[in-house]
Amino acid sequence: MSHASEYRCIGCMEATVTREFDVSHLSRTCPVCDEFGRFVNTVVVERFNSLAADPPTRLHWDQLDRLQKWLIAERLSRKDHSIDDIEVTVADGDDESPEDGGIDAGAQA
């Protein structure tokens with residue numbers, strides 16, 4: 001018997017779907033907010049919420065955009081990384097951020 005995973009719409013955070021596979025996210029139209037977007041594995045959502053409730057100081061959580069926060073939550077919950085593996089670079093004004101949002105979790109990220 002395969003394991004079912006639950007995914008939550010990150011647009012409205014209300015709709016959930018269950019699938020018989022385990023990935024970090026999937027893209028689909030939300031039946032609640034009617035937006036086509038990401039449904040994130042609830043394991044990642046739980047980690048995102050715990051980081052938001054008690055963010056480690058070294059991550060500069062308040063200075064990160066939403067995508068950067070989701071990337072950190074995904075790496076910590078699904079890729080065997082720890083907080084110590086995550087390096088966050090906060091841009092100073094006009095500097096452009098790297099494609100990954102200034103987040104580095106080593107060569108495996």
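These numbers were taken from a predicted model, which means no experiment stands behind them.

> What is the right way to read the overall build of the protein from this model?
A tally of helices and strands in the protein yields 2 helices and 6 strands. Looking at the protein as a whole, 33% of its 109 residues are labelled buried. At a minimum sequence separation of 6, the contacts of the protein that also span at least 24 residues come to 40%. Accessible surface computed for the protein: about 6900 Å², of which carbon and sulfur atoms make up 44%.

> Explain the sheet that holds strand β2 (residues 16-19) to me, please; I cannot follow it from the model alone.
Strand-to-strand pairing in sheets goes through backbone hydrogen bonds, with the strands running parallel or antiparallel. Spatial strand order, β2-β1-β4-β3: 4 strands in an open sheet with antiparallel pairing. For this open sheet the edge positions go to β2 and β3 (25-29), each flanked by a neighbour on one side alone. The average undirected angle you get between the axes of adjacent strands in this sheet is 35 degrees. Looking at chain direction, β3 and strand β4 (residues 36-41) are connected through 5 bridges and run antiparallel. Residue pairing in the sheet places R28 in a bridge with G37 of β4. Each of β1 (5-9) and β4 is contacted by helix α1 (residues 42-53), which is oriented at about 80 degrees to β4, the strand it contacts most.

> What is the right way to look at the environment of G37 in this model?
Mapped onto the secondary structure, G37 falls in strand β4. Distance in space between the C-alpha atoms of G37 and I10 is 7.7 Å, their sequence separation being 27 residues. The contacts of G37, once residues within four sequence positions are left out, are L26, S27 and R28.

> What's the story with α1 in this structure? I'm lost.
The end-to-end C-alpha distance of α1, which contains 12 residues, comes to 16 Å, matching closely the 16 Å that a straight helix rising 1.5 Å per residue would cover. Taken together, the buried positions of α1 are occupied by T42, V44, V45, F48 and L51. Contacts from the buried residues of α1 go to β1, β4 and α2 (66-78). A side-chain oxygen of the first residue of α1 lies 2.9 Å from the backbone nitrogen of V43; this N-cap is N41.

Conventions adopted
- Residues numbered from 1 in each chain as written.
- Predicted model: local features only at pLDDT ≥ 70, side-chain atom pairs only at ≥ 80, totals over all residues.
- Heavy atoms only, no water.
- Helix = DSSP H or I, 4+ residues; strand = E, 2+ residues; numbered from the N terminus.
- Buried < 20%, exposed > 50% of the residue type's maximum accessible area, 1.4 Å probe, protein only.
- Contact = heavy atoms within 4.5 Å.
- Areas by Shrake-Rupley, 256 points an atom, 1.4 Å probe, with all protein chains shown as cover.
- Pairing = 2+ DSSP bridges.
- Axes fitted to C-alpha atoms, helices over the stretch in contact; angles between N-to-C directions.
- Expected span 1.5 Å × (residues − 1).
- Polar contact = N/O pair within 3.5 Å; in protein donor to acceptor, adjacent residues only side chain to side chain.

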